[in-house]
Structure formats: structure tokens, C-alpha cells
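Each chain, written out:
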Amino acid sequence: MKLPLHTSVMRYKKINNLLGWLCFTIASTTYVLTLEPSVSFWDCGEFISCAYRLQVSHQPGYPLFAMLGKAFSLLSFGNNAKVPYFTNLMSALASGATIMFLFWTITALAKKMLKGRGREGESVIYLIMGSGLVGALAFTFTDTFWFSAVETIVFALSSLCTAVVFWAILKWDAQADEPGADKWIVFIAYVVGLSIGIHLLNLLTIPAIAMVYFFRRYHNITVWRGIIAFLISIAILAFVQFGIRGYTVHFAAMFDLFFVNSAGLGFGSGAAIFLVLLTGVITGGIWYSIRKRKPMLNLALLCIAFIYFGYGSFFYIPIRASANTDLNNSHPDNAFTLYGYLNRIQYGDVPLLSGPYFDAKVTDVKEGGTIYQRGKTRYESAGKKIDYVYDHTTFLPRMWSTDSDPYYAQNVQFYKQWLNMADDQSPTFADNLKWMFSWQMYQMYARYFLWNFVGRYNEFDGQQSSANINGNWTSGILDGGKHLPKSVTGGTNYMPLYALPFILGLLGAFYHFKTKRRDALVIALLFFFTGIAIVLYVNQDSIQPRERDYSYVGSFYAFAIWIGLGFVAVAEFARRKLNAKIAAVGSFAVCMLAVPALLAVKEWKGHDRSTKTIPHDMAYNYLMSCPKNAILFTYGDNDTYSLWYDQEVEGIRPDVRIVCLSLFSGDWYIRQMQKKMNQSAPLPITMPFDKYKSGTRDVIYYNDAKIAGAVEMKDVFDFITSDDQRAKVAYQSGEMANYLPAKNFKITVNADDLVKKGVITPDQKSKVADTMEWKISQNYLTKDHLAMIDILAHNNWDRPICFTATMGPESMFGLQPYLYKEGFVYHLIPFKTDKYYAGNEGAKTNSLVMYDNVVNKFKFGNYKKAKYLDDVSLTQFYQTIERTFNDLANGLMKDGRNDLALKAIHKFDEQMPDINPDIDSAVHKFFIAQTAYSLGDKELATRYVKGVNNFIKDQLDYNYQLLTDNNAGLDVRTVQLGVQVLNSMADTVRNNDQPELSKNIKAELTDYENKFAALIR
């Protein structure tokens, strides 16, 4: 590009560099100001714990992320409570750097786009720099990217890797004709290798990078050659993903198998020999390419070598696994386990091009290759891989969940609900495609895209409906006529963007294709592979534990490039009416206000986490609810990861043994539980490893032995773990295996022992049952059940056994009759059955213990004053706290302690905001109001009733508008529950001497019953 005489190349570089760093400063400052000060929900607790103590996190491993996190954690200088702040700071700074590289990427593309178009003068620099500022700062404030920028999660550093490699290929593109330019390609290879140790999303940039190389290096470009180049780029991606990342470890494992089992050498010897041979082959190839002057071969081999250099961070995994860290997922201390760990074998296979529909039946089972595991001196067989044969399969299966999936029934129900299929209707290929486009592509990708660039209603999960406002997108343009509820318009995550970022991005894409088609095609490939391609590859089968927008941040990054180039398009259009300088400056002002400034204003309140510590404090409450030396069974995610953080980093309640049931079916995890951890003694699991190792007692099926009455738990355990052939049955395969002879269990109880061991107080002795009897519903036992039976049979009440109160009842092994709430956990206590709790066993409390825990020990995460409350805080934990306090108060009232019950209700009012995030929360709030009335606090109860009443009216008015408009977003459940609560509130306030309030609510009730008569009959 020809620059004016007074504008040198050095001046251009200086401006470009300074503005890039300005973007870094603005973005980093934004993220630091809104940083979560402690641990966040979901995986963050695990990541911080694994970084701080260099442990092994869940598959496929994030070793470089852990090591970088460790470095940042050292900035806490021994104040462990500050560790998450500094690991969160790592994400903030990485995200700020991502914005900086995005700026330089956009300016490089804008410079290429304007080159040769007869443009001269400073206005060209205005256009180039303006495009970078508009695009980079717009992306700074987008919903998804900002969310990951303020917590310890891999996606911030992964985005940085994406930004760096794409910037680097443009640097190479600008210098490709100069000597030594290919160093940028080698640099890209190294960053790609490093990125594998952070997250695999960065690999999806390879096709776009390869096409930049193709367009720059080759001149006689045709459509056919372009297609071949594209296919080669896919092959390169597959080679890195499956060849380098996957099969390197697989071949190392096979070498290890030979040298250990056949040659008699030690574990790891064969893997070491393979790595030496691999190093020799690559080194020899590089030497050969130099000697024979084969530059393409030399470049390819150098890239492979540098990918391996970066990938070398994975040596961390077996090294730390061998150190037996507390968190040691899968214990990948050898090549075979490491291969399964890297390839996420634990999560099962997902069919891509061919597979079954959900109605397919298994017709045959075929054995695949041998599964090896480490024995004492050699690798041993842990069984065979199982391949199922189905009665029918299809091309491109999307509705693929089958009987072997533990969530099969739930998935099938959702498929049919989403597609309005009859219960007896079989899916067709048309249904398959409809599911793919309507749920996988629209609901689980396009909706997220529209959140970021069009606008969003609220922070709630919206996977289950494309019509409901919860979790849905909105431009805000037509919202004025929708009679939206105040709970939405007054929420922190109501973010209407009026589609301005989307429009500017589309304009930029159109202008880019018009002026620089090849570059635009490269951005389109980046957009596709980091968006729709992920959708196709992941092939999500049904509702996810959480919204998955973070997976597609690379796609949103690509679109932000077009937002920046959209500014150039606006300025070029304005130049038709104005002079070049005024057009550039004026368009910049308009675009900055319409997109980055709008995004910043709208999004800030929904991302400012600086004033809440809810994840930390909720985890603290779980741990503090446990008696001393307790065994605490959790399920996963938000009742596990932040607990790991509190315990592993801050040392909170190190005596409690956390047992995550979703991991407890792994032999490696059971084995870890048999060892001391922190201040927790080994669990009372008596089985030797050979009795439960993989391939042994993986499933124990129920076979009714017609035993009268309940069977002592220890006798059941001895029977199902016996190697005596008389304790086994023959299956159709001819295999002899253990079986479960009964479903009715018992444990004989000695009340004096319970008093002596502190399980109960002396005055509770009369409440103890002589025998604890219960029944399970499942027809088979898995390894987690086997380990739990071992614990129950041999614990002898020496250690308290607890379950998190947020766990589903199906995970409690039928023990609900003997589980008593003591805060955020249920404590196993063999009290006699209490008819008072008939039909509501989950509300049973050990009231005085629970009172001390909840009122005196609990922390509340600054719930009442926090500027922003996320979805998990608003729904899961706000309701958990509502239920906890109401159950506590009712338990105290039952035990004759109304004074303490009233103090408990006042504690709730003191610590928690009077909000109603959804209808379920409103129901619980009304229950608290009823309790307050019972305790004589009419003022508090009435205030809560009025709050619930206002919320319900707001929801019913909105739903009535939907009903009259025949809108598909009508929430029938909210309507029905809302009317029921209004009816109960009218009676409650009347019975508590408030006739006027009762009259008003009754009038509202009559009105709504008439309006919704068809829905509430």
C-alpha cells in the first residue's frame, strides 16, 4: 500500500503497536475490575486445585494450563485465599492479550483489503486502525468471551493461542517472499503443540491457516486446486489430532507392552525406547532434508518437531500421576492409561458418520481389542472392548442415544418432546435432520451466537425451549410490545443489543468477500471450523449439564474480525458523500458508539463478579455441615469442584473425605479412597484391588435368591465379593459371575455404640432403631455401589456418612429413611421411622446440630449485596438455601424450639436478598412466609407474601399476553403453580388476620382463574 510521503512505515508500525497495547490495557482493566475474587462454579475449583498443587485434572488433561496456573498462584505469597484471584488474573491477562492480537489481526486484514484500491493519505491509517479498534473492543465486551475472562478456565488461554497463531500466519503472509519467513510457520506449529496442553479448540484453526499458506504460495489457483488444498488442510488437522496427539501415545503403549511383557523390562521402558526412536526418525529426516535441499520436507519435519516440543507438556501427566496426588483423575501413570485418558475413553464413543437411532436394538455384541491395565510386574488384560451390533443404523446419526447410555430414557423423552413425536413413533432420517438443525445447530450454537451479537433476555438455562424467554436471544427492538415481566427487564442479564454488532459484522463479511474474496474465505473457514464443525463433531445427544457457548468462542472471534471490517465498509460508503478524513472519523465515532460502547454498557452489569463469593461459601457450607472425620458423598460439578478447591487450596475441613460418586465406579478412584488424604484416614474399603479392578465385578446383576426378610449388609458384601463358585451363577456367555441375591438390606445397630462414638447425643438414644432396614430399586450393582456396600458393612459407625443435600435421591442407595439434614448435607443416622415426615423424607432434620451449622457456621457469599448473581446462584443455591432454612425452622418447631426457629428465619432474612428468580423459588419463599406466620412474625411473613404475590402477578400477566397472542412461549407450569400459590396465599393471610390482603389476592386469583380456565382445570 502506498503511504503518503510524510507517513513512514515505522510510523505505521508504531501506531499499530501502540493501539494494540491500548486494546490490551482496556480489555485487561475491564476484566480485572470485574474479576471473580475467589473460586467460580463448574470446573474452576478443580482447575485451581490442580494448578496450586500440580495435580491431575479430568480428561483429556490440561498440563500447560496447570503449570501456568501454578506460576500465577505464587503471586498470592502464601495467602491461600488469594490463590483463585491470581489464577483468575491469569485468565484476565490472557484475554486482554487475545484482544491485542485480534486488533493486530484485523489491521493486517484491513491493510490487505485496502491495498491497491487507489487510497492514499492519513484517512487510510484511520480506516485501518479504526477497524482494529472497533472489532477488538467489540469482542472485548461480548458475553461469552467476557464470561471466561474473569475465572480460572481453559478457554481464556485457548483463545489466546487461537489469536496468536492466526496473527502469526498473517505475519508470515506479509513476509512470505522474504528470507526466513517460514520461521512464522514453525512458530505456529510450536504454539499449536503448546495449545494441546491447554485445550484442543486451537487445532481447529489449522484449515484456515493452511488455506492462507495455499493462497500465498500458489499462483495458478483454481476451484479444483482449492478443494484439494482444503482436503489437505483437513488431513493435517487429522494428523495432528489423531496422529501426533493420539497415536504417539498408542504406539508408545504398544512398545511398552512388548518390552514389559515379552522382554521383561520395567514399566515405561518400551515407551522410552519408542520416544528415542521417534526422536531419531524426526532428527534424521531433518538432517536428510537439509542435505538433499528439500525445503518443503524440512519445513514439514520442523513443524512436526515443534508440535512435539509443545506437546511435551504432557510429560507432566504421568509424572504427577505417579506422585499419587490427591486429585488424580484416571491415575494415568502408564502409557495405556494415558492413552485412554487423552482420548476420553471414560466418556464413551460418539457416532459421527454412521450409527444407530435411539430406537435401534442391540442384536449382537462383538469383542474388540484387549484392554490392558498395569499389574504388579506386567500389563494384564482388563477384558475386551465391546462393539455393539444394532438392528438398524443410519448415515449421520444425530439422535443416537441407545440402551447402553445411562441417560437413555431422559434423552429419548427429550427427543420426542422437542420434535413433538408420539411415544410409539420411530425416528426417520427427516426427524434426524430436523433434530440436527433445530436443536444442535440452532439451539446449541446459533442461539449462543445471537446472544453475543444480537442480545439476550437473561442468564437462565434455555436449552429446552426455543420459544421461552429464559436463555433466549433478543434484539430488544420489539420488546416494548411484548409485555415482558419485570424479572426480565430489571435483571442484570437483560442485554438487548438491537442487533447492531450482528449487522455491522454481516456488513463487514459482505464487504470482505466483495473486496478480498480469498481472505474472506479464510475467515469463513475459521468461523465454520470453530463453530458448526464443533457442533457436527461433538454430536450432543440431549440436554447438557450447562449451556455450552464457551465451546464456540473461536467462531465469535472470527465474526469480530468482520465487525472490525464492517467499520471500513461504513466509512467507504460515507466517503461517497463526505471527504475521506471526515468519513473515516465520523464513521469511527458512530461505529464505536453503536457497537463496542453499546456492548460495554449493556454487558457490564451481567459480568461484574467482583462482589460475590458464593461458590466459595456454598462449598464451605457443605464442608462445615459435616461431622468430624465424615465421609461426604457428592455427585459432581457444583457440589464437588468448589469443595475440592476449599479443601485442597485453603485447607478447609481437611478431615472430611470427599467421595465423588460419578467417579466412584472407576477402580483407580476406589484405590485412591483406600489411601490417606490430607487429614482424612483411608476409607473403610476392605476389598483388595484384585476384587474390583477393571474387568472384575464391573456389574453385579440381581438374581432373586428368595431370601425372606432383609439381609445383613456384611453378609451381602461377603457373598458378592466371594470367589467361591457357589456364590456365582452362569450367564448365557458361559461366564460364571457373582450376583446380588436380595434387595432388602439391614444393619444391626447398638445404640450405646452410637453414643460412645458421638453419632448421637445421650438424650437421642431412645430414638434409635435396633435395626436399620432399607431396600434398593436397581436391578444391578455397579462398582460404586460395591464400594459403598463395603463402606456400610465395615464402617461400624466409626466415621459419619453424609450425602450432599443437592444430590438426586437415586444416588443415595435407598438410604433416604435414615438420612437427616444437618445443613447442606444429609447425615446417616439410624433413627426410628418418624411418621411426621411421611411423604417428605427429604425434610427430616437433626435440628439442633443443623441449627448450629446453619446459623452459626454458614457463610453467604455476599448474596444480599452482590452486584451480579449468576444462574447457579439464582436457581440452584438460592433455592437450596430457602429449603435449608425452612426445613431447619420446621424441624426446630417439631422439636419444640420455636425460639431457635424464629432466629433461623431472621438469619435468612438478614443474609439473603428478598428475590424470586423463578416460580420454584417463589414457592419456597411462600413456605418460609408460612413458617414465619406460624412463629408469630407477621411483618416478615407479610413482606415475603407481597413479594411473592408481585412476582406471580408479573409472570401471570406476561403469560396471559402470550396466551392471547397464541405464542408458543407460554409457560404452563408457571401458570398452574402460580395460581395454586395465589390460592394458598389468600387462605394463609386470611387465617393470619389480614382480611384486606386476603381479599386483594382472592380477587387476583379469581381474575387469573378466569383468564387461564383452559389451563388449570
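Residues numbered from 1 in each chain as written. Predicted model: local features only at pLDDT ≥ 70, side-chain atom pairs only at ≥ 80, totals over all residues. Heavy atoms only, no water.

### Here's the deal with the overall build of the protein chain
For the protein chain, the helix and strand inventory stands at 37 helices and 18 strands. Along the first, second and third principal axes, the C-alpha atoms of the protein chain reach 95 × 85 × 60 Å. For the protein chain, with 1017 residues in total, the buried portion stands at 58%. Contacts in the protein chain between residues at least 24 apart in sequence constitute 74% of all its contacts with a sequence separation of at least 6. Within the structure as shown, the protein chain displays about 42,100 Å² of accessible surface, and the carbon and sulfur contribution to it stands at 58%. (Helix = DSSP H or I, 4+ residues; strand = E, 2+ residues; numbered from the N terminus. Buried < 20%, exposed > 50% of the residue type's maximum accessible area, 1.4 Å probe, protein only. Contact = heavy atoms within 4.5 Å. Areas by Shrake-Rupley, 256 points an atom, 1.4 Å probe, with all protein chains shown as cover.)

### Description of the side chain of Asn959
Looking at the element boundaries, Asn959 is found in helix α34 (residues 938-964). A relative accessible area of 2% places Asn959 in the buried class. Polar side-chain contacts of Asn959 include one of 2.8 Å to the backbone nitrogen of Asp971. Beyond its immediate chain neighbours, meaning those up to four positions away, Asn959 contacts Gly969, Leu970, Asp971, Thr974, Val975 and Phe1012. (Polar contact = N/O pair within 3.5 Å; in protein donor to acceptor, adjacent residues only side chain to side chain.)

### Comments concerning the packing of aromatic side chains
This structure, assessed with the given rule, holds 82 aromatic pairs. Geometrically, the ring pair formed by Phe528 and Phe529 is edge-to-face, given 5.3 Å between the ring centres and 90° between the ring planes. Its relative accessible area of 34% is what places Phe528 among the partly exposed residues. Owing to a relative accessible area of 7%, Phe529 belongs among the buried residues under this scheme. By the ring-pair criterion, three or more aromatic residues cluster together here, those being Tyr445, Tyr448, Phe449, Trp451, Phe453, Phe502, Phe513, Phe527, Tyr552, Phe556, Phe559 and Trp562. A cation sits over an aromatic face here: Lys70 above Tyr52, 5.0 Å from the ring centre. Over the aromatic face of Tyr944 sits the side chain of Lys925, whose NZ or CZ is 5.3 Å from the ring centroid. (Phe/Tyr/Trp six-rings, centres within 6.5 Å; stacked < 30°, edge-to-face > 60°. Lys NZ or Arg CZ within 6 Å of the ring centre and 35° of its normal.)

### Overview of the pairing of strand β2 (residues 362-374)
As paired strands, β2 and strand β3 (residues 379-390) are joined by nine bridges and run antiparallel to one another. Directly across from Tyr372, in β3, lies its bridge partner Ser381. The antiparallel pairing of β2 with β3 creates a hairpin that spans four residues between the two strands. (Pairing = 2+ DSSP bridges.)

### Here we look at the confidence of the model for the protein chain
Overall, the prediction assigns the protein chain a mean pLDDT of 93, with 99% of residues at 70 or greater. Looking across the protein chain, the model is least confident in helix α37 (residues 1013-1016), with a mean pLDDT of 86, and most confident in helix α23 (residues 614-624), with 98. Below pLDDT 50 for its whole length, residues 1-5 participates in nine contacts with residues either more than four positions away or in separate chains. (pLDDT = per-residue confidence, 0-100.)

### A look at the pattern of salt bridges
Considering all chains together, one arrives at 41 salt bridges under this definition. Salt-bridge contacts for Asp519 lead to Lys112; the nearest nitrogen and oxygen are separated by 3.0 Å. A residue pair is termed long-range when its members are at least 10 positions apart, and Asp519 in helix α19 (residues 517-529) and Lys112 in helix α4 (residues 83-114) qualify at 407 residues. Of the residues examined, Asp519 reaches a relative accessible area of 10% and is grouped as buried. On the accessibility criterion, Lys112 (24% relative accessible area) is partly exposed. Among the salt bridges present, the one from Asp987 reaches Arg990, with a minimum N-O distance of 2.9 Å. Of this pair, Asp987 and Arg990 both sit in helix α35 (residues 972-991), separated by three residues, roughly a single helical turn. We classify Asp987 as partly exposed; its relative accessible area is 27%. The class of Arg990 is partly exposed, set by a relative accessible area of 44%. Salt bridges sharing common partners tie together Glu36, Glu151, Arg609, Lys612 and Asp870. (Salt bridge = Lys/Arg side-chain N within 4 Å of Asp/Glu carboxyl O.)

### Brief notes about the nonpolar core
In terms of nonpolar packing, the biggest core is built from 166 residues, with Tyr31, Phe139, Phe166, Ile169, Trp172 and Ile561 touching the most fellow members. When residues in this core are grouped by element, the largest group, 17 residues, is from α4. Setting aside its immediate chain neighbours within four residues, Phe139 contacts Ile99, Leu102, Phe145, Val553, Phe556, Tyr557 and Ala560. The next biggest cluster of nonpolar side chains, apart from the first, holds 137 residues, and it includes Met677, Ile685, Leu892 and Leu997. (Core = buried A, V, L, I, M, F, W, Y, C linked by side-chain atoms within 4.5 Å.)

### What about the environment of Gln955?
Relative to the assigned elements, Gln955 resides in helix α34. For Gln955, a relative accessible area of 12% gives the class buried. With 62 residues separating them along the chain, Gln955 and Met893 place their C-alpha atoms 33 Å apart. Not counting the four nearest positions on each side in its chain, Gln955 is found in contact with Pro485, Ser487 and Thr974. One polar contact links Gln955 to Ser487, side chain to side chain, over a distance of 2.9 Å.

### Considerations on the packing of helix α30 (residues 847-857) against helix α31 (residues 871-894)
It is at 9 Å that the axes of α30 and α31 come closest, and there the two elements cross at 140°. Looking at the two axes, α30 sits oblique to α31. Where α30 crosses over α31, the handedness of that crossing is left-handed. Note on element contacts: α31 touches α30 through Thr884, Phe885, Leu888, Gly891 and Leu892, opposite Ser847, Leu848, Met850, Tyr851, Val854 and Val855. A class-by-class count of the residues in the contact of α30 with α31 yields eight nonpolar, three polar and no charged. (Axes fitted to C-alpha atoms, helices over the stretch in contact; angles between N-to-C directions. Parallel < 35°, antiparallel > 145°, perpendicular 65-115°, else oblique. Left-handed = near helix turned anticlockwise from the far one by under 90°. Nonpolar A, V, L, I, M, F, W, Y, C, P; charged D, E, K, R; others polar.)

### A short note on the sheet that holds strand β14 (residues 771-775)
Across the sheet, three strands lie side by side as β10-β13-β14; this open sheet has mixed pairing. Of all strands in the sheet, those bounded by a partner on one side alone are β10 (711-712) and β14. Note: strand β13 (residues 744-748) against β14, five bridges, orientation antiparallel. For Lys746, the partnering residue across the bridge sits in β14 and is Glu773.

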